[in-house]
Amino acid sequence: MYLYPVWVRLWHVLNAVLILILIITGISMQYTGKEESAIIVGFARAVKWHNIAAIMLTFNYGFFVIGNIFTGNGKYYRIEKKNFLSALMKQVRYYAWGMFKGEKHPFPVTLESKFNPLQKISYVLAMYVAFPLLIISGLGLLFPETVVNRFLGVSGLILTDILHITMGFCLSVFLVVHIYTCTLGSKTFSLFRGIITGYHEPEEH
Amino acid sequence: MRFTRSVIILFLLISTSSVHAGFFYRDRHEAVIQDTAVFKSPFFDDNERCFKCHGQNRYEYTNENLGRQVKAMMFSERIVDRDKFYDSNHRSFSCTDCHSEEYTTFPHSGQLRMEQQYNCLDCHGGDDKFAKYNFEAIDSEYQASVHYKLEEEGFTCWKCHNPHTYKLEVRTSSNLKEAILYDNNICLNCHANFDRFQLLTDRKEINILARHEWLPNQSAHFKSVRCIECHTEANHELLVSHQINPKEKAVRKCNECHSQNSLLMSSLYKFESREQRKDGFFNGIILNESYVIGANRNQYLNVFSLILFGLVILIIGGHIFFRIFKK
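These numbers were taken from a predicted model, which means no experiment stands behind them.

### Quick notes on the overall build of chain A
Counting its regular elements, chain A contains six helices and two strands. For chain A, the α and β elements follow one another from N to C terminus as α-α-α-α-β-β-α-α. Considering only C-alpha atoms, chain A reaches an extent of 55 × 40 × 35 Å along its principal axes. Looking at chain A as a whole, 21% of its 205 residues qualify as buried. In chain A, the proportion of contacts linking residues at least 24 apart, taken out of those at least 6 apart, comes to 61%.

### Some points on the overall build of chain B
The secondary structure content of chain B amounts to 13 helices and two strands. A buried classification covers 18% of the 327 residues belonging to chain B. A separation threshold of at least 6 residues defines the contact pool for chain B, and within that pool the share at least 24 residues apart is 54%.

### Observations regarding the domain arrangement of chain B
All names here are of chain B. In terms of domain boundaries, chain B breaks down into domain 1 (38-116), domain 2 (119-252) and domain 3 (297-327). Averaged C-alpha coordinates put domain 1 and domain 2 at centres separated by 28 Å. Tallying the contact residues gives eight residues for domain 1 and six residues for domain 2. Here the side of domain 1 that touches domain 2 is composed, by residue class, of two nonpolar, three polar and three charged.

### Focus on the nonpolar core
The biggest cluster of nonpolar side chains holds 16 residues, and the ones touching the most others in it are Cys257(B), Leu264(B) and Val292(B). Within the residue set of this core, elements represented by two or more residues are helix 2 (43-70) of chain A together with helix 8 (176-191) of chain B. Residues contacting Cys257(B), with those up to four places away along its chain left out, are Ser262(B), Leu263(B), Leu264(B), Val292(B) and Ala295(B). Ranked by size, the runner-up nonpolar core spans eleven residues in total, among them Leu157(A), Ile165(A), Phe169(A) and Cys170(A).

### Focus on the environment of Asn245(B)
Residue and element names in this part refer to chain B. Here Asn-245 shows up in the loop between helix 12 (227-231) and helix 13 (299-325). Overall, the presence of 17 C-beta atoms within 10 Å leaves Asn-245 in the partly exposed class. Distance from Asn-245 to Leu-66, taken between C-alpha atoms, is 55 Å for residues 179 residues apart in sequence. Each residue touching Asn-245, except ones within four places of it in the same chain, is listed here: Val-146, His-231, Thr-232, Glu-233 and Ala-250.

### A word on helix 8 of chain B
Residue and element names in this part refer to chain B. In a regular helix each residue adds 1.5 Å, so 16 residues correspond to 22 Å; helix 8 covers 22 Å between its end C-alpha atoms and thus fits that length. The sharpest bend along helix 8 reaches about 30° and sits at Asn-185. Tucked inside the fold, the buried residues of helix 8 contact helix 11 (218-224).

### Some remarks on the packing of helix 5 (residues 156-181) of chain A against helix 13 of chain B
Across the interface, helix 5 of chain A lies against helix 13 of chain B with an axial gap of 11 Å and an inter-helix angle of 10°. Of the possible angle classes, the one that applies to helix 5 of chain A and helix 13 of chain B is roughly parallel. Contacts between helix 5 of chain A and helix 13 of chain B pair Phe169(A), Val173(A), Val176(A), Val177(A) and Tyr180(A) from the former with Ser305(B), Leu308(B), Phe309(B), Val312(B) and Ile316(B) from the latter. Class assignment for the residues of the contact of helix 5 of chain A with helix 13 of chain B results in nine nonpolar, one polar and no charged.

### Some words on the pairing of strand 1 (residues 58-63) of chain B
On a regular strand, each side chain points to the face opposite its neighbour's, so the side chains alternate between the two faces of the sheet. Buried residues are scarce in strand 1 of chain B, accounting for zero of its six residues. The turn linking strand 1 of chain B back onto strand 2 (residues 68-73) of chain B is made up of four residues, and Gly67(B) within it adopts a positive phi angle of 70°.

### Observations concerning the packing of helix 2 of chain A against helix 4 (residues 117-142) of chain A
All names here are of chain A. Packing of helix 2 against helix 4 leaves a shortest axis separation of 11 Å and a crossing angle of 140°. The pairing of helix 2 with helix 4 is recorded here as oblique in orientation. By crossing handedness, the relation of helix 2 to helix 4 is classed as left-handed. Only Phe-131, Ile-135, Gly-138 and Leu-142 of helix 4 make contact with helix 2, whose side of the interface consists of Asn-51, Ala-54, Thr-58 and Tyr-61. Among the residues making up the contact of helix 2 with helix 4, the classes are represented as five nonpolar, three polar and no charged.

### With respect to the confidence of the model for chain B
Residue and element names in this part refer to chain B. Here chain B shows a mean pLDDT of 80. Residues at 70 or above account for 79%. Confidence, expressed as mean pLDDT per element, reaches its minimum in chain B at helix 2 (residues 20-30) with 36 and its maximum at helix 3 (residues 44-54) with 93. Contacts of residues 9-32 to residues separated by more than four positions or lying in other chains number 29 contacts, the stretch itself having pLDDT below 50.

### Remarks on unusual backbone geometry
Residues and elements named next belong to chain B. Of note, the amide linkage connecting Phe-106 to Pro-107 takes the cis form, showing an omega dihedral of 0°. With a phi angle near 55°, Asn-134 is a residue other than glycine that sits in the positive phi range. Tracing the chain through its elements places Asn-134 in the loop between helix 6 (120-124) and helix 7 (135-143). Here the phi dihedral of Asn-217 falls at roughly 45°; this positive angle occurs in a residue that is not glycine. Among the structural elements, Asn-217 can be located in the loop between helix 10 (208-211) and helix 11. Assessed through the 15 C-beta atoms surrounding it within 10 Å, Asn-217 is described here as partly exposed.

### Points about the environment of Phe39(B)
Residue and element names in this part refer to chain B. Its location among the elements puts Phe-39 in the loop between helix 2 and helix 3. Given 10 C-beta atoms within 10 Å, Phe-39 falls into the exposed group. A C-alpha to C-alpha distance of 44 Å links Phe-39 and Cys-254, two positions 215 residues apart in sequence. Leaving out residues up to four positions away in the same chain, Phe-39 has contacts with Tyr-86 and Arg-91.

### What about the pairing of strand 2 of chain B?
Residue and element names in this part refer to chain B. For strand 2, a buried count of zero out of six residues is recorded, marking the element as mostly open to its surroundings. Where strand 1 and strand 2 come together, six bridges link them in antiparallel fashion. The residue of strand 2 that forms the bridge with Arg-58 is Met-73.

So, how was this worked out
- Residues numbered from 1 in each chain as written.
- Chains lettered and ligands numbered in written order.
- Predicted model: local features only at pLDDT ≥ 70, side-chain atom pairs only at ≥ 80, totals over all residues.
- Helix = DSSP H or I, 4+ residues; strand = E, 2+ residues; numbered from the N terminus.
- Buried ≥ 20, exposed ≤ 12 C-beta atoms within 10 Å, placed from the backbone.
- Contact = placed C-beta atoms within 7 Å.
- Domains from an automatic or database assignment.
- Nonpolar A, V, L, I, M, F, W, Y, C, P; charged D, E, K, R; others polar.
- Core = buried A, V, L, I, M, F, W, Y, C linked by C-beta atoms within 7 Å.
- Expected span 1.5 Å × (residues − 1).
- Bend = angle between axes of the 7 residues up to and from the residue.
- Axes fitted to C-alpha atoms, helices over the stretch in contact; angles between N-to-C directions.
- Parallel < 35°, antiparallel > 145°, perpendicular 65-115°, else oblique.
- Pairing = 2+ DSSP bridges.
- Left-handed = near helix turned anticlockwise from the far one by under 90°.
- pLDDT = per-residue confidence, 0-100.

Rendered as structure tokens:
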């Protein structure tokens, strides 16, 4: 089943590479020491590459949002209010219990519904909540003169940075969980193959 | 959407409360009692004899040969601003404490131009009253400084610390940003004024902005740190290091300041750092005035994020375990 058009795959691979650069350079800046270690990139280099990758990510995010508006891909992210919570619990139960008992996938992938409810909520939170906050706070740190000096008596830069690193952390956790759940396809690497070739391999059960 | 809204509100509450202590600290910090008394010098009238001419651009005197009043312009280097003088550290002095009594007669004798000037140690050296400023250590540092090499060209303490206007800033100011501006202007007085610069050296004019172009967010750095943070040798014995290093030894590595053991804690924030904050931020004192990436991590957020990440890995590990053994 052809599920991932070329533009989605291009956006996804670029997003993945940029996010990895941003996590490594972000951790480098946050945990920098006076002595540069081999694991962590030096501060000056980290700042440079973090800025470059961040600007590219911002444009790539814009490409993703525009693509979702003007193609049918946006519909996969729409959450139906009706019965969503029970559908979500059904999916959680499947991952926690049902899949070990050989139960069938409660929401098999179709052309109409690419994501299961758990995927939907996590993708929406990641792409439409965490990403915008990450980008806006990141732009604030890139242009600190635009950040309000004090907010409720606290430096605006501190609040902006805390928001930025919290969103960065949330997306890092998302990345780990996302990569792991991508091993839950019909075979361990079938979902990885899918996002490269564009074709989804149907579940065996 | 209600869930999303709740997450945002919860985040804002957590982030605000994590800097809560800083909020109260700041209020207390700003509540420094201001000196409202207007200083009245016991030598005010005596000093007016000098300020009458040296206190402004224009002065008048009676030319006995011409038999009339003459108006003339005062040479800018000989003007002393009254207000700045009476706001300075030396405000309680009489002019003739440092200058010859002969200046009280006009016209001044030409010989007085050769008058030997005091330097800081002539008055402040070996005096217990000034022991806390450690003038002897300042002098040793100065002698190791690049400025000392210019003594033959006429460099003295006064080139940076104008005796008529100098006042302690970083040690006493409640507004660090203003203190930074004051201190940086001491350097820029010569380094950004080529006429003054040429009095001491034959070097070409330096464009400070172009020379520091490599510095990311240049204006933010210039507003938040002093020139001496990068251009002096940090000395734990002194509040303000006086050993100006040659340009090759200037700090250029970002992580000297952007790290947990930030250089700024032994320079700009040395005096304030005695009042430690307890709200979990490394080098938290910096947060009163600024925010330095890498130096201001919050240890509670660090621990919390590690626990959260550990839990995620644990859950994934458990899931993998069951996948393997349920096959």
